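Understanding the architecture of this molecule
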Amino acid sequence: MSSPCRTSAVLVVFMALAVGVGAQQSKERSCDVIGDESSESQMERALLKKLEPLSQMRFNVTVEKGKTENYVYHFRVCREVNSTLHDFGGLVQTDRQNGKTTVIGRINETQVFNGSDWIMLIYKGGDSYGRHCSGEKRRAVIMISCKRGITASSFSIISEEREKEQECFYLFEMDSNVACPAEDSHLSVGSILLITFASLIAVYIIGGFLYQRLVVGAKGMEQFPHFAFWQDLGNLVADGCDFVCRSKPRNVPAAYRGVGDDQLGEESEERDDHLLPM
């Protein structure tokens, strides 16, 4: 093989390797549940997939306590905060005074479980506490609560428990619709019957109207299908209501009697009897 051809082949190989390395670097790491892959439950995999819409978002919260503590917490869901460092840091604390960064929890040591309207994401394997909590590794607990209509909001830190000997943690919370249960969209039997009945009525009225107008050539109210039948039915219903709902029939005389002539006549005769000659 000639020298130019050999040089071209080497360049092609190097370019292929560079593309492969770049592709691997561009693909961000995601959450790795604690334990072997074979031990991951279907529930954990389903929850991680449910959280996937939040993976491209970044969350920050600033905490300032007097002049001694001034931190910014950076959080991503199942992604590294800074993928160029390759430290698996999913939740990172930055000291605004000296720029020091501390990994609170890593995505390669993840736990996840849920309730009816919440999901709890736990990142373990953070940097050591040093003097606190027996020098154990830090841990971040993120409580994601259901809030419909919002992809993600209200990320905040609740507390830092570091006065214990063991099991210290940072507690965060946020709202998201990914933690909401699926809405039950099934229709009841009554709703199905009502929709079916309404559809049949609409087909009857529209189809009958078109038939009467286009085929029979009816005009006005006669275009309504079976107009005479419904008119007679309405009259019968009105008569039935008139018979049942009225308090008395029309032909019953009034319950009181007015002052008639016959009453006046009788009273006048009785009053005039003492005037007749004996």
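The structure under discussion appears in the preceding block.
Note that the structure is a prediction, hence the values are computed from the model and not measured. (Residues numbered from 1 in each chain as written. Predicted model: local features only at pLDDT ≥ 70, side-chain atom pairs only at ≥ 80, totals over all residues. Heavy atoms only, no water.)

The next point concerns the sheet that holds strand 5 (residues 118–125). Pairing between sheet strands relies on hydrogen bonds along the backbone, with the strands arranged either parallel or antiparallel. With mixed pairing, the eight strands of this open sheet are ordered in space as 1-2-3-4-5-6-8-7. Only two strands of the sheet have a single neighbouring strand rather than two, namely strand 1 (58–65) and strand 7 (153–161). Averaged over all pairs of adjacent strands, the angle between their axes in this sheet comes to 25 degrees, without regard to strand direction. The pairing of strand 4 (residues 101–114) with strand 5 spans seven bridges and is antiparallel. Within the sheet, the bridge partner assigned to Thr110 lies in strand 5 and is Tyr123. With respect to the sheet, helix 2 (residues 42–50) is in contact with strand 4 and strand 5, its orientation differing from that of strand 4 by roughly 120 degrees. (Pairing = 2+ DSSP bridges. Helix = DSSP H or I, 4+ residues; strand = E, 2+ residues; numbered from the N terminus. Axes fitted to C-alpha atoms, helices over the stretch in contact; angles between N-to-C directions. Contact = heavy atoms within 4.5 Å.)

Let us now look at the pairing of strand 8 (residues 169–176). Going residue by residue along strand 8, you find Tyr170, Phe172, Met174 and Ser176 tucked away on one face and Phe169, Leu171, Glu173 and Asp175 left uncovered on the opposite face. For strand 6 (residues 140–146) and strand 8, the ladder comprises seven bridges, and the chain directions are parallel. Among the inter-strand pairings, Cys146 is bridged to a residue of strand 8, identified as Ser176. As judged from the six bridges shared by strand 7 and strand 8, these two strands associate in the antiparallel manner. Bridge pairing links Ser159 to Leu171 in strand 8. (Buried < 20%, exposed > 50% of the residue type's maximum accessible area, 1.4 Å probe, protein only.)

As a further point, take the pattern of salt bridges. For the structure shown, the criterion picks out eight salt bridges. Where Arg106 meets Asp127, a salt bridge forms, and the shortest distance between an N and an O atom there is 3.2 Å. Of this pair, Arg106 sits in strand 4 while Asp127 sits in the loop between strand 5 and strand 6, and the two are 21 residues apart along the sequence. Judged by its relative accessible area of 26%, Asp127 is partly exposed. Note that Glu160 and Arg162 form a salt bridge whose closest N and O atoms lie 3.8 Å from each other. Residue Glu160 is classed as partly exposed on the basis of its relative accessible area of 27%. (Salt bridge = Lys/Arg side-chain N within 4 Å of Asp/Glu carboxyl O.)

For the rest of this paragraph, the subject is the packing of aromatic side chains. With the rule as written, the count across this model stands at eleven aromatic pairs. When the centroid spacing of 6.3 Å and the interplanar angle of 5 degrees are considered together, the rings of Tyr129 and Tyr170 count as stacked. With Tyr129 in the loop between strand 5 and strand 6 and Tyr170 in strand 8, this pair connects stretches of sequence that are 41 residues apart. Residue classification places Tyr170 among the buried positions, given a relative accessible area of 1%. Through a chain of ring-to-ring contacts, three or more aromatic side chains come together here, namely Phe59, Tyr71, Tyr73, Phe75, Tyr123, Tyr129, Phe155, Tyr170 and Phe172. Directly above the ring of Phe88 sits Arg29, whose terminal nitrogen or CZ lies 4.2 Å from the centroid. Directly above the aromatic system of Tyr129 lies the positively charged group of Arg138, at a separation of 4.7 Å from the ring centroid. (Phe/Tyr/Trp six-rings, centres within 6.5 Å; stacked < 30°, edge-to-face > 60°. Lys NZ or Arg CZ within 6 Å of the ring centre and 35° of its normal.)

With that settled, consider the state of the cysteines. Taken as a whole and assessed by the stated rule, the structure comprises three disulfides. Here Cys133 pairs with Cys168 through a disulfide, and the sulfurs are 1.8 Å apart. When the S-S torsion is -100 degrees, as for the bridge of Cys133 with Cys168, the disulfide is left-handed. Placement of Cys133 in the loop between strand 5 and strand 6 and of Cys168 in the loop between strand 7 and strand 8 is noted, with a sequence separation of 35 residues between them. (Disulfide = S-S within 2.5 Å.)

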